[in-house]
Number of protein chains: 2
Amino acid sequence: MLDDTLTAIADPTRRAILARLATGEARVTDVARPFPISLNSVSKHIRMLERAGLVVRRVEGREHFLALDPRPLDEAAQWIDQQRRLWSRTLNELEKVLNDA
Amino acid sequence: MLDDTLTAIADPTRRAILARLATGEARVTDVARPFPISLNSVSKHIRMLERAGLVVRRVEGREHFLALDPRPLDEAAQWIDQQRRLWSRTLNELEKVLNDA
DNA sequence: AACATATTCACCTCTTGGGGTGAATATCAG
DNA sequence: CTGATATTCACCCCAAGAGGTGAATATGTT
């Protein structure tokens, strides 16, 4: 799941979609409008965000409303913070390498 | 840069390499040893980690010593934390969607 | 029924990631 | 010089991401 989450947020278009949804629920078409790419491409990005669990969908008639689920981000933030703590021990090694270069 | 960082840490092999380097400096061969894949593949993963700025290299004779640079993680952590704060406003919308499903 | 809207499905292309192998390069040890 | 070690380079293959177009499906409107 971490893999899917990190892959999902690694793409700038998908990060922009998430930022848009942070302003509130929106339909697929609404999400797609600002982008210079086709509706279809946006639909595929949304599917990847759903696979990562970052976006949930509520179907109402022919309209699909999208909302954010922040929970998968917790795992990602946890991994990053843990690594940052572990790596601080090795900063002297980093400096050795940087000085050499 | 954020793209490269997130792409780099989205792969489990690369996360394992980073975890290995968190225990201290190591040569390419040392890093590669535990993995069931070829030395060449590990070398390519390391190149991606270098492109993301997460790993720096110090060449000493024929040996290449690798060390971590945690700084790119700061930007990633910052983006995630910011989004988590922004998204908390929309949690009621999420519940609406979840209840519907 | 007829038409428009919202979204996806099915296919195509191009690029990139992840894996492999074998050769090249550079360095170290006899 | 010879041989072993460390790493990369130059290819190959396959899967997946990112983009496109056109058709299909489902729903709403008149």
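None of the values given here were measured: they were computed from a predicted structure. (Residues numbered from 1 in each chain as written. Chains lettered and ligands numbered in written order. Predicted model: local features only at pLDDT ≥ 70, side-chain atom pairs only at ≥ 80, totals over all residues. Heavy atoms only, no water.)

Asker: Hey, could you go over the sheet that holds strand S2 (residues 55–60) of chain B for me, with residue numbers and the actual values?
Answerer: Residue and element names in this part refer to chain B. Spatially, S1-S3-S2 is the arrangement adopted by the three strands of the open sheet, whose pairing is antiparallel. Strands at the two margins of the open sheet, each flanked by one partner only, are strand S1 (26–27) and S2. Alignment of S1 against strand S3 (residues 63–68), held across two bridges, turns out to be antiparallel. Residue pairing for S3: Arg-27 is matched across the bridge by Phe-65. Sheet contacts for helix H2 (residues 12–22): S1, S2 and S3; angle to S3, the most-contacted strand, approximately 90°. (Pairing = 2+ DSSP bridges. Helix = DSSP H or I, 4+ residues; strand = E, 2+ residues; numbered from the N terminus. Contact = heavy atoms within 4.5 Å. Axes fitted to C-alpha atoms, helices over the stretch in contact; angles between N-to-C directions.)

Asker: Talk me through the pattern of salt bridges; I want residue IDs and the actual numbers.
Answerer: Under the counting rule described, the total for this entry stands at 20 salt bridges over all chains. Across the salt bridge formed by Arg-15 of chain B and Asp-3 of chain A, the nearest N and O atoms sit 2.9 Å from each other. Here Arg-15 of chain B is found in helix H2, whereas its partner Asp-3 of chain A is found in helix H1 (residues 2–9) on a different chain. Glu-63 of chain A is the partner of Arg-27 of chain A in a salt bridge, and the nearest nitrogen-oxygen pair spans 3.2 Å. A residue pair is termed long-range when its members are at least 10 positions apart, and Arg-27 of chain A in strand S1 (residues 26–27) and Glu-63 of chain A in strand S3 (residues 63–68) qualify at 36 residues. By relative accessible area, which is 25% here, Arg-27 of chain A ends up partly exposed. Several salt bridges converge on common partners, so that one network encompasses Arg-27, Asp-30, Arg-33 and Glu-63 of chain A. (Salt bridge = Lys/Arg side-chain N within 4 Å of Asp/Glu carboxyl O. Buried < 20%, exposed > 50% of the residue type's maximum accessible area, 1.4 Å probe, protein only.)

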